[in-house]
Amino acid sequence: MVAFLSGLPAGLSIDQSFVDGELWRRQQGYGRGGRMKIERDAARILSGVRQGKTIGSPIAVLLENKDWKNWQESLPVQEGDANKHKRVASPRPGHADLAGVLKYNFPEARYVLERASARESAARVAVGAIAKLFLRELGIDVLSHIISVGAEAISEEVPWQQIAALHSRGEVMLNCADADAEQRMKKEVDQALKTGDSVGGVFEVVAHCVPPGLGTYAQWDERLDARLAAALMSLQAVKAVEIGSGITAAASPGSAVHDEISYHRPGSFAGFTRSRNNAGGIEGGISNGEEIRVRGYLKPISTLRRPLQSVDFATREVVKAAYERSDVCVVPAAGVAAEAMVALTLAGCALEKFGGDSMSETLRNFNGYLEQLRNY
Ligand SMILES: Cc1cc2nc3c(=O)[nH]c(=O)nc-3n(C[C@H](O)[C@H](O)[C@H](O)COP(=O)(O)O)c2cc1C
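Residues numbered from 1 in each chain as written. Predicted model: local features only at pLDDT ≥ 70, side-chain atom pairs only at ≥ 80, totals over all residues. Heavy atoms only, no water.

1. Regarding the overall build of the chain
Piece 1. Each helix and strand in the chain was counted, giving twelve helices and 16 strands.
Piece 2. Whereas a compact globule of 376 residues would reach a radius of gyration of roughly 21 Å, the chain reaches 22 Å, a difference of no more than 12%.
Piece 3. Along the first, second and third principal axes, the C-alpha atoms of the chain reach 70 × 50 × 40 Å.
Piece 4. Here the chain, with 376 residues, has 47% of them falling under the buried criterion.
Piece 5. Taking all contacts inside the chain whose residues are at least 6 apart in sequence as the whole, residues at least 24 apart take part in 72%.
Piece 6. About 18,500 Å² of surface is accessible on the chain, with carbon and sulfur atoms providing 52% of the total.
Piece 7. Both charge centroids of the chain, one from 44 positive and one from 45 negative side chains, sit 4 Å from each other. (Helix = DSSP H or I, 4+ residues; strand = E, 2+ residues; numbered from the N terminus. Rg over C-alpha atoms; globule rule 2.2 N^0.38 Å. Buried < 20%, exposed > 50% of the residue type's maximum accessible area, 1.4 Å probe, protein only. Contact = heavy atoms within 4.5 Å. Areas by Shrake-Rupley, 256 points an atom, 1.4 Å probe, with all protein chains shown as cover. Lys, Arg positive; Asp, Glu negative; His and termini not counted. Charge placed at Lys NZ, Arg CZ, Asp CG, Glu CD.)

Following this line, the structure appears as structure tokens:
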């Protein structure tokens, strides 16, 4: 896979071990399948970084699929030997298989599933890691944690310090801040493994120390909540996105939802404070200075070891759907991919607001804005 990232100022230090560490995080989590045992992702930066720093030109990152060596005969670039090609004979419900073959007029689903697969999200994590390094220069950090797996959920808001502590643990089971709940979530995965089924769940991405003023209500497609929702929804298997406590808010009175405003000097940014953060840090399409909290709701993995009904492409007979090796639960990994999408979105918004061709120029503009907020 090759990922491109353009628009970053020159002079941003790129820590290769941080980028590879992020790729490692995406490969973790209880309930992952065989492919993650084969792949050990590493980002090879091809352009746009010299002597450890960005130079302002597009950054190209290469990620090799180690598994490719096992597929050279079955999926060659050239025509190859048709007897060695591996067909996906019956479309799997929940995957792009059927819609993809109809759209591209393929006789079977092999080409569809390779690109529709969430393997692609590794490329996003690589460039998302670079966006995170940029945001760190502005004091902004982005992390995720797990709210639910299957029917097991936590209900309390998890403070930033706890999410950061979870992250520094260095091992990932289900990335849940509540150890008891994590054990119950593990049982959900075990049950799915035992019965040949799969599970979904909910992750939350939190962006810490985001100043007020990113995004705008001026045009519909410039709203920060809209941009974050699209960024998360673009991840495979995400079927709903929630900003703050948007879902429960729909059934609550306004007095229980909107976050009352106080003033406390010296406070963060302009000194205005909130007693709670139901808005998830965004009002009117603009960051309001509170933590940004967005959730992604994942449908259960589409590939089942106990396959659902499908139809054979060649005979049109009813058969069981094809089975390709698969994960059973990917909620923590999806959270890591979503962190990358949030980081890329926030970095884009920050660059629109602060601009700059070099990091020193960007930081000068950023610090000038912080001063403006302090003096407000
Ligand atoms: C990190 C990650 C890993 C995934 N791994 C698998 C997998 O191994 N098997 C599978 O069937 N689906 C997997 N999925 C989900 C599928 O990619 C998803 O169900 C499929 O793309 C269809 O959903 P869509 O309509 O949202 O694209 C994964 C999703 C994510 C985010």
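From this point, the narrative continues.
2. Overview of unusual backbone geometry
Piece 1. For Gln51, which is not a glycine, the phi torsion comes out positive at approximately 50 degrees.
Piece 2. Here the phi dihedral of Phe269 falls at roughly 55 degrees; this positive angle occurs in a residue that is not glycine.
Piece 3. Positionally, Phe269 belongs in the loop between strand 10 (261–263) and strand 11 (272–274).

3. A closer look at the site of the ligand
Piece 1. Taken together, 17 residues lie around the ligand, and His95, Lys239, Thr303, Ser326 and Asp327 are the ones closest in.
Piece 2. Between the ligand and His95 there is a distance of 2.8 Å, counted from an oxygen atom to a side-chain nitrogen or oxygen.
Piece 3. Separating an oxygen atom of the ligand from a side-chain N or O atom of Thr303 is a distance of 2.5 Å.
Piece 4. Here the ligand loses 85% of its free accessible area of 630 Å² to cover by the protein chains.
Piece 5. By residue class, the composition of the shell around the ligand is seven nonpolar, six polar and four charged. (Near = heavy atom within 4 Å. Polar contact = N/O pair within 3.5 Å; in protein donor to acceptor, adjacent residues only side chain to side chain. Nonpolar A, V, L, I, M, F, W, Y, C, P; charged D, E, K, R; others polar.)

4. Description of the nonpolar core
The nonpolar side chains of a soluble globular protein tend to be buried, and buried together.
Piece 1. Ile130, Phe134, Val149, Phe203, Ile292 and Leu346 are the most contacted members of the largest nonpolar core, which has 85 residues in total.
Piece 2. Of all the elements, helix 11 (residues 331–354) adds the most residues to this core, at 15 residues.
Piece 3. Core analysis: the second largest hydrophobic core is formed by seven residues, Val88, Val101, Ala109 and Leu113 among them. (Core = buried A, V, L, I, M, F, W, Y, C linked by side-chain atoms within 4.5 Å.)

5. Some remarks on the sheet that holds strand 1 (residues 2–5)
Piece 1. Pairing in this open sheet of three strands is antiparallel, and the strands run 1-5-2 from one edge to the other. The sheet is open, and its two edges are formed by strand 1 and strand 2 (44–47), each paired on a single side. Recorded for the sheet is a direction-independent mean angle of 30 degrees between the axes of neighbouring strands.
Piece 2. Note that strand 2 and strand 5 (residues 59–62) share three bridges and pair antiparallel. (Pairing = 2+ DSSP bridges. Axes fitted to C-alpha atoms, helices over the stretch in contact; angles between N-to-C directions.)

6. Re the environment of Asp190
Piece 1. You can see Asp190 is positioned in helix 7 (residues 179–195).
Piece 2. For the pair formed by Asp190 and Ser255, sequence separation is 65 residues and the distance between their alpha carbons is 41 Å.
Piece 3. Reaching out from Asp190, the side chain makes a polar contact with the side chain of Tyr30 at a distance of 2.4 Å.

7. Quick look at the environment of Glu352
Piece 1. Mapping Glu352 onto the fold places it in helix 11.
Piece 2. A relative accessible area of 58% places Glu352 in the exposed class.
Piece 3. Taking the C-alpha atoms as reference, Glu352 lies 13 Å from Tyr369; in sequence the two are 17 residues apart.

8. Section: helix 6 (residues 160–167)
Piece 1. Listing the buried residues of helix 6 in full gives Trp160, Ile163 and Leu166. The buried side chains of helix 6 occupy one side of the element, clustering within an arc of 120 degrees when seen end-on.
Piece 2. Taken together, the buried residues of helix 6 touch strand 6 (141–149), strand 8 (201–208) and strand 14 (292–298). (Arc of directions from axis to C-beta.)

9. Here we look at the sheet that holds strand 14
Piece 1. With antiparallel pairing, five strands are arranged side by side in an open sheet as 7-6-8-14-9. A single partner strand is all that each edge strand has here, and the edge strands are strand 7 (152–153) and strand 9 (238–243).
Piece 2. In this structure, strand 8 lies alongside strand 14, joined through seven bridges in antiparallel fashion. Bridge pairing links Val206 to Arg293 in strand 14.
Piece 3. Here helix 11 sits on the sheet in contact with strand 6, strand 8 and strand 14, set at roughly 145 degrees to strand 6.

10. Some points on the pairing of strand 6
Piece 1. Here strand 6 lies mainly inside the structure; eight of its nine residues are buried.
Piece 2. Where strand 6 meets strand 8, eight bridges bridge the pair, whose relative direction is antiparallel. Across the sheet, the residue bridging to Ser148 is Val202, located in strand 8.
Piece 3. Of the strand pairs in this sheet, strand 6 and strand 7 are connected by two bridges, and their pairing is antiparallel. Residue pairing in the sheet places Ser148 in a bridge with Ala153 of strand 7.
Piece 4. From the end of strand 6 to the start of strand 7, which pair antiparallel, there are two residues, and Gly150 there has a positive phi angle of about 55 degrees.

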